[in-house]
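# Observations on the three-dimensional arrangement
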Amino acid sequence: SMASPALLMRVVASAYSVAEKAATIVRNVMSAGDLGIVEKAGPNDLQTKADRLVQMSICASLARKFPKVTIIGEEELPTDDVTEDLIEDGHCEEILKKPCPAQYTGIKEEELVIWVDPLDGTKEYTEGLLDHVTVLIGIAYGGKAIAGVINQPYYNYEAGANAVLGRTIWGVLGMGAFGFQLTEAPAGKHIVVTTRSHSSALVNECIAALNPDHVIRVGGAGNKIIQLIEGKASAYVFASPGCKKWDTCAPEAILHAVGGKITDIRGNSFQYNKEVKHMNSAGVLATLRNYDYYASRIPNTVKESLVP
């Protein structure tokens, strides 16, 4: 008989199905029309009914299957009264068939931390910019992002009534990333993707110093990493606090799985152990290729303004 799949592969396979269920919830809330918007820290920091239901669904579904894993979600929510219709018990068979990278075969449940952003790009979601929206489930071990799932509930939503809506991208370090076509940005072009709703003088000073050919302003960290891995942008630059561990964990794992790199603006890697502070206070610099080119052009004035 075959040995049962390693814990990591079981967690990723479940996270895949849990993310697909999350996407259905996101679409159902939008089509029902009442988003139930609540302002958290201000008009650019929103929470909707979708954020709340999705987080309850993801956290409760994963906690039921993997009770000793630490799960940290963006929203402050009660976990006890989750209705059965929010629970996803399935898993992706295809993921279970893949061999676990050797360095992760011995992982125990209590050694994993899962970082959940139930709806990355909430502001864009409320404004109808649906292609910006992602659901992020990042899996960390030893403080490092080692696996991730990104679901885009509205992928293809402008492709007409017969198009299949939504997709799930997933990856594991040492294995690669799947569910998309890996593409490099045009050679010699410096295309920077950055924040749409959290701009500042510092953000713009940093981008100007890179002398980009083009700047793309979109919502969501998950969405920005997708721009990198699909070759639409060559660097993701955000010289500001505001991004948090649940924004970067899943995207980091997928980007690193295909040979890219993400750090803060000062070049420090992110830590994902359960005790770590949630804010990435020194911003984000990420590329699929040519990380050093961009890192070397970040002005010292910008680095000094951002304290890790």
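Residues numbered from 1 in each chain as written. Predicted model: local features only at pLDDT ≥ 70, side-chain atom pairs only at ≥ 80, totals over all residues. Heavy atoms only, no water.

Burial along strand S11 (residues 235–238) is two-sided: Ala235 and Val237 and Tyr236 and Phe238, pointing in opposite directions, are all buried. Two strands pair when backbone bridges link them, and strand S9 (residues 191–194) and S11 are joined in this way by 2 bridges, in the parallel orientation. The partner of valine 193 across the bridge, within S11, is tyrosine 236. (Buried < 20%, exposed > 50% of the residue type's maximum accessible area, 1.4 Å probe, protein only. Helix = DSSP H or I, 4+ residues; strand = E, 2+ residues; numbered from the N terminus. Pairing = 2+ DSSP bridges.)

Considering all chains together, one arrives at 10 salt bridges under this definition. A salt bridge links glutamate 127 to lysine 123; the shortest N-O distance between them is 2.7 Å. Ionic pairing is found between arginine 289 and glutamate 184, a salt bridge with its closest N-O pair at 3.0 Å. Here glutamate 184 lies in the loop between strand S8 (176–178) and S9 and arginine 289 lies in the loop between strand S13 (284–287) and helix H8 (291–295), a separation of 105 residues in the sequence. One network of salt bridges, in which partners are shared, links Lys40, Asp45, Glu74 and Glu75. (Salt bridge = Lys/Arg side-chain N within 4 Å of Asp/Glu carboxyl O.)

We note that asparagine 156 has phi near 80°; this positive angle belongs to a residue other than glycine. Relative accessible area serves as the criterion here: at 32%, asparagine 156 is assigned to the partly exposed category. Phi is positive for asparagine 290, which is not a glycine, with a value near 60°. When you line up the elements, asparagine 290 lands in the loop between S13 and H8. For asparagine 290, a relative accessible area of 58% translates into the label exposed.

UniProt's entry tags Glu74, Asp117, Leu119, Asp120 and Asp247 with the feature "binding site: Mg(2+)" (unreviewed entry), counted in the numbering of this structure. These annotated residues cover 174 residues of sequence, and their C-alpha atoms all fall within 9.7 Å of one another, placing them together at a single site. The annotated residues named above include Glu74, Asp117, Leu119, Asp120 and Asp247 as those lining the largest pocket. Within the fold, aspartate 117 resides in strand S4 (residues 112–120). With a relative accessible area of 1%, aspartate 117 lands in the buried category. Beyond its immediate stretch of four places on either side in the chain, aspartate 117 contacts Glu74, Thr134, Val135, Leu136, Trp246 and Asp247. Along the chain, aspartate 120 falls in strand S4. By relative accessible area, which is 5% here, aspartate 120 ends up buried. (UniProt positions renumbered as here; feature names shortened; annotations may be inferred. 1 Å grid on protein atoms, 1.4 Å probe; cavity = no way out; pocket = protein on both sides within 12 Å on 5 of 7 lines; lining within 4 Å. Contact = heavy atoms within 4.5 Å.)

For the rest of this paragraph, the subject is the environment of leucine 46. Summarising the element assignment, leucine 46 is placed in strand S2 (residues 45–47). The spatial distance from the C-alpha of leucine 46 to the C-alpha of glycine 121 is 9.5 Å, given a sequence separation of 75 residues. In contact with leucine 46, other than residues within four places in its own chain, are Ile37, Val38, Glu39, Lys40, Thr122, Lys123 and Thr126.

By volume, the largest pocket amounts to about 710 Å³. Lining the largest pocket are 38 residues, and of these Asp45, Glu74, His198, Gly242 and Asp247 lie nearest its centre. Taken together, the elements giving at least two residues each to the lining of the largest pocket come down to strand S1 (38–42), S2, strand S3 (70–73), S4, helix H4 (122–126), helix H6 (221–229), S11 and helix H7 (245–257). The residue inventory of the lining of the largest pocket, partitioned by class, reads 12 nonpolar, 12 polar and 14 charged. (Points joined across faces, edges and corners; volume = space filled by probe spheres on them. Nonpolar A, V, L, I, M, F, W, Y, C, P; charged D, E, K, R; others polar.)

Once that is clear, we can look at the nonpolar core. Formed by 107 residues in total, the largest nonpolar core has its most connected members in Leu8, Ile58, Trp115, Tyr125, Ile137, Tyr236 and Ile265. For this core, the element with the most residues is helix H1 (residues 7–32), which contributes 14 residues. Residues lining this core come from more than one domain, with at least three contributed by each of domain 1 (7–178) and domain 2 (191–305). Once residues within four sequence positions are removed from consideration, tyrosine 236 is found in contact with Val193, Ala221, Lys224, Ile225, Leu228, Cys243, Val284, Leu285 and Ala286. (Core = buried A, V, L, I, M, F, W, Y, C linked by side-chain atoms within 4.5 Å. Domains from an automatic or database assignment.)

For the structure shown, the criterion picks out 6 aromatic pairs. Here the aromatic rings of tyrosine 104 and tyrosine 141 are separated by 6.2 Å at their centres, their planes lie at 85°, and the arrangement is edge-to-face. Taken together, the positions of tyrosine 104 in the loop between helix H3 (93–96) and S4 and tyrosine 141 in strand S5 (residues 134–141) put the pair 37 residues apart, joining distant regions of the chain. Through successive ring pairs, a cluster of aromatic residues spans Trp115, Trp246 and Tyr272. Lying over the aromatic face of tyrosine 293, arginine 297 brings its terminal NZ or CZ to 3.7 Å of the ring centre. (Phe/Tyr/Trp six-rings, centres within 6.5 Å; stacked < 30°, edge-to-face > 60°. Lys NZ or Arg CZ within 6 Å of the ring centre and 35° of its normal.)

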